[in-house]
Amino acid sequence: MLDDDGVRRIIADMWLLHLDERTYLDDIYGYVIGEKGIPEVPDGAEAEVKDLARLSVKNVLGLVRDSFTQNLSVVGYRNALARENGPAWQIWQRNRMDARQAEVHRPAITYGASYVIVVDGPDGSVWKTRSPRQLLAVYEDPQVDLWPQYAFEQWLDSTDANPRWKAVLYDDEYIYPIDMGEIPTTTFDQYRTGILRSLNIAQIGDPIPHGANVCPVVRFINARDADDMIVGEIAPLIRMQRALNSVNFDRMLASRFGAHPQKVITGWSGAAADVLRASARRVWAFEDPDVSVNSFPPAALEQYNSVLEEIMNHIAMAAQISPAQVTGKMVNLSAEALAASEANQQRKLQSKRDSFGESWEQVFRLAAEIEGDRATAADTSSEVQWRDTEARAFGAIVDGITKLAQSGVPIDELIEIVPGVTQQKAQAIKDALRRNQANMLVDVLRQQLPNTPAMNNGAVTN
């Protein structure tokens with residue numbers, strides 16, 4: 001167990017590491033929500049031009065993120081030989097992870113990593129989802145170690161409308177709660193200095209056992225290479241997003257100031273009211289023969305539209321998603337053509353399911369260990385089941401299921417292949433099939449043995 005001085009020393013070092021990483025992560029967050037990437041304008045530009053620059057952000061990075069996260073959904077956890085989900089699936093349901101799993105997948109796709117904290121609670125293990133903007137974990141060997149040496153979590157507690165910074169340090173035995181007090185956030189330097197000053201006077205609470213024999217933090221990784229460079233889906237696309245915003249800004253300038261024919265009068269000048277009346281007239285007449293009236297042709301926007309479409313297609317190609325995800329253009333495609341257009345995305349999704357699946361299995365085993373289920377904690381053969389989101393023709397799926405059933409495969413083993421069938425619905429169908437099979441068996445026996453009792457909905461009646 002760490003003493004107060006040891007806790008202060010560790011969180012001071014980890015906070016400096018977190019601040020360096022937080023700057024990079026906040027930059028990504030700003031691009032995802034469309035706050036960053038505004039084209040630059042000269043200092044003396046008119047307010048109208050500055051407003052157009054802010055309006056010209058054509059953000060597609062959020063669409064790229066959602067195209068992956070909406071296709072990542074865990075629907076079960078079982079052994080390959082089991083027909084039903086394992087006992088650890090009840091822990092998943094108790095923590096409402098059907099809805100909350102997106103809180104893990106979204107930051108992992110966005111930043112490259114996310115975390116799940118598993119600690120003991122009054123009713124069993126409690127799962128907490130955290131993004132890397134909220135938590136920093138340090139490893140002795142990040143490529144090999146499953147568990148971090150320490151994890152530092154911080155957040156703003158607004159209880160009783162009195163905001164205070166709170167933090168928690170995790171090691172392999174205890175949770176160390178920390179109250180860092182009120183911290184100024186006017187500028188980044190004041191924020192950084194205030195945090196470091198508060199660490200010296202922070203109130204460190206009594207250590208709390210978390211129930212595991214390891215630091216109870218599981219990391220979810222989007223993608224990384226042999227150099228341990230963790231990469232999200234957004235950072236490589238930021239430069240292309242800025243190019244898209246720049247071209248869209250040029251298009252908005254052309255549409256605002258040059259899309260309509262502009263009239264030019266040479267040899268005449270009048271007051272503002274005279275010019276306004278003249279601009280509203282259909283026919284103009286001037287007594288001075290030296291006055292000439294001309295007009296500039298309207299600016300064409302087609303070339304801007306084609307460049308914008310080319311950039312968006314390039315972003316889709318770099319992200320390995322269907323261009324329809326970002327352009328919104330969809331023609332009448334057959335199921336086979338739609339599946340072909342999503343082939344690259346499905347391959348990339350499979351790699352993410354492999355990576356996230358290992359992390360979810362680690363979470364399940366840790367939760368089982370905390371709750372005292374040693375058999376599940378030692379089970380390395382069970383794996384998570386992912387919802388199939390690949391585009392296929394429903395008729396082709398039904399035809400394939402029919403052929404498999406005719407070849408002798410039990411129909412209840414094929415129910416989960418049908419698109420859109422939930423775990424609960426699949427279980428209800430399996431139960432109905434078993435009841436029908438039991439009724440059919442009784443009917444056959446009754447024909448052969450007339451004195452066999454009747455069966456009503458699976459129950460024998462006399």
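Everything below is about the structure shown above.
Residues numbered from 1 in each chain as written. Predicted model: local features only at pLDDT ≥ 70, side-chain atom pairs only at ≥ 80, totals over all residues. Heavy atoms only, no water.

Q: Run through the side chain of Lys352, naming residues and quoting values.
A: Along the chain, Lys352 falls in helix H13 (residues 343–370). On the basis of relative accessibility, which here comes to 1%, the residue Lys352 falls in the buried class. Of the polar contacts made by the side chain of Lys352, one reaches the side chain of Asn222; its length is 2.5 Å. Apart from the residues lying within four places of it in its own chain, the contact partners of Lys352 are Phe68, Ile109, Asn222, Glu233 and Gly357. (Helix = DSSP H or I, 4+ residues; strand = E, 2+ residues; numbered from the N terminus. Buried < 20%, exposed > 50% of the residue type's maximum accessible area, 1.4 Å probe, protein only. Polar contact = N/O pair within 3.5 Å; in protein donor to acceptor, adjacent residues only side chain to side chain. Contact = heavy atoms within 4.5 Å.)

Q: Pulling in residues and values, what's your account of the sheet that holds strand E10 (residues 217–221)?
A: Here we have three strands laid out as an open sheet, ordered E3-E2-E10, and antiparallel in their pairing. The open sheet has two edge strands, strand E3 (124–130) and E10, and neither has a second partner. Neighbour-to-neighbour, the strand axes of the sheet open up by a mean angle of 25°, direction not taken into account. Here seven bridges tie strand E2 (residues 113–121) to E3, and the two strands are oriented antiparallel to one another. Looking at the pairing, Asp120 lines up with Ser125 of E3. (Pairing = 2+ DSSP bridges. Axes fitted to C-alpha atoms, helices over the stretch in contact; angles between N-to-C directions.)

Q: Explain the pairing of E10 to me, and be specific about the residues and the numbers.
A: Extensive coverage of E10 is indicated by the burial of five of its five residues. Neither face of E10 is exposed, since Val217, Arg219 and Ile221 on one face and Val218 and Phe220 on the opposite face are all buried. Note: E2 against E10, five bridges, orientation antiparallel. Considered in E10, the bridge of Tyr115 is made with Arg219.

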